[in-house]
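The residues making up each chain are set out below.
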Amino acid sequence: MIDPPSDIKARQSEGFLQLAWDEGSWSVNLPYKWLRGECPCAACKDEWTGARILDPASVPDDIKVADMELVGSYALKIGWSDGHGSGLFTWENLRKLSEERRSSTASSPE
Ligand SMILES: [Zn+2]
């Protein structure tokens, strides 16, 4: 088990989820559209191969987080404005996505 993010903020007007890790020593912005495309549920990703089923191009550009809910102490459940809400983002997964995003933004500034 890894520690949960020390802070989670949904930046609705900017369109990203802001996560702080390791007692706030670093933080990362996960754009909603990108994060929605990383939804780990069985309808969006093949459980066995990990291959993406959801076409990221089908995610609306203006997608928003409709609601967020902590699931036990291990995951965040995100309900999206497109009506999809079955994806559980575990802390492990969010950590992995955050590290991916951090290294990709470091090499190619947006
Ligand atoms: Zn999904």
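Okay, so let's go over this structure.

All right, on to unusual backbone geometry then. Positive phi outside glycine occurs at Asp22, with the angle close to 50°. Note on placement: Asp22 falls in the loop between strand E2 (16-21) and strand E3 (26-31). Overall, Asp22 belongs to the exposed group, with 11 C-beta atoms counted inside 10 Å.

What follows deals with the sheet that holds strand E5 (residues 75-80). Taken together, the 3 strands give an open sheet; going across it, the order is E4-E5-E6, and neighbouring strands pair in antiparallel fashion. Unpaired on one side and paired on the other, strand E4 (65-71) and strand E6 (88-90) mark the two borders of the sheet. Strand-to-strand twist in this sheet, taken as the mean axis angle between neighbours without regard to direction, amounts to 25°. Two elements, E4 and E5, share 6 bridges in a ladder whose sense is antiparallel.

The 3 strands are arranged E1-E2-E3 in an open sheet whose pairing can be described as antiparallel. On the outer flanks of this sheet lie strand E1 (7-11) and E3, each paired with one strand and no other. Between one strand axis and the next, the sheet turns through 20° on average, direction left out of account. Two elements, E1 and E2, share 5 bridges in a ladder whose sense is antiparallel. Note on E2: the bridge partner recorded for Asp7 is Ala20.

It is worth spelling out the pairing of E5 at this point. Burial of the side chains of E5 is restricted to one face: Leu76, Ile78 and Trp80 are buried, whereas none of Ala75, Lys77 and Gly79 on the reverse face is. Here E4 folds back onto E5, and the loop between the two strands holds 3 residues, one of which, Gly72, carries a positive phi near 55°. Here E5 runs beside E6; their pairing, made up of 3 bridges, is antiparallel. Across the sheet, residue Ala75 finds its bridge partner in E6, namely Thr90.

Grouped together as the largest cluster of nonpolar side chains are 13 residues, with contacts concentrated most on Leu17, Leu19 and Leu30. At 4 residues, E2 tops the list of elements feeding residues into this core. Discounting chain neighbours no more than four positions away, the residues touching Leu17 are Ile8, Ala10, Leu30, Tyr32, Leu35 and Val65.

The next thing to look at is the environment of Ala10. Among the secondary structure elements, Ala10 is positioned in strand E1. Judged by the 16 C-beta atoms lying within 10 Å of it, Ala10 falls in the partly exposed class. Taking C-alpha positions, Ala10 is 16 Å from Ala75, a pair spaced 65 residues apart along the chain. Residues within four places of Ala10 in sequence aside, it is in contact with Leu17, Val65 and Met68.

Conventions and cut-offs
- Residues numbered from 1 in each chain as written.
- Predicted model: local features only at pLDDT ≥ 70, side-chain atom pairs only at ≥ 80, totals over all residues.
- Helix = DSSP H or I, 4+ residues; strand = E, 2+ residues; numbered from the N terminus.
- Buried ≥ 20, exposed ≤ 12 C-beta atoms within 10 Å, placed from the backbone.
- Pairing = 2+ DSSP bridges.
- Axes fitted to C-alpha atoms, helices over the stretch in contact; angles between N-to-C directions.
- Core = buried A, V, L, I, M, F, W, Y, C linked by C-beta atoms within 7 Å.
- Contact = placed C-beta atoms within 7 Å.

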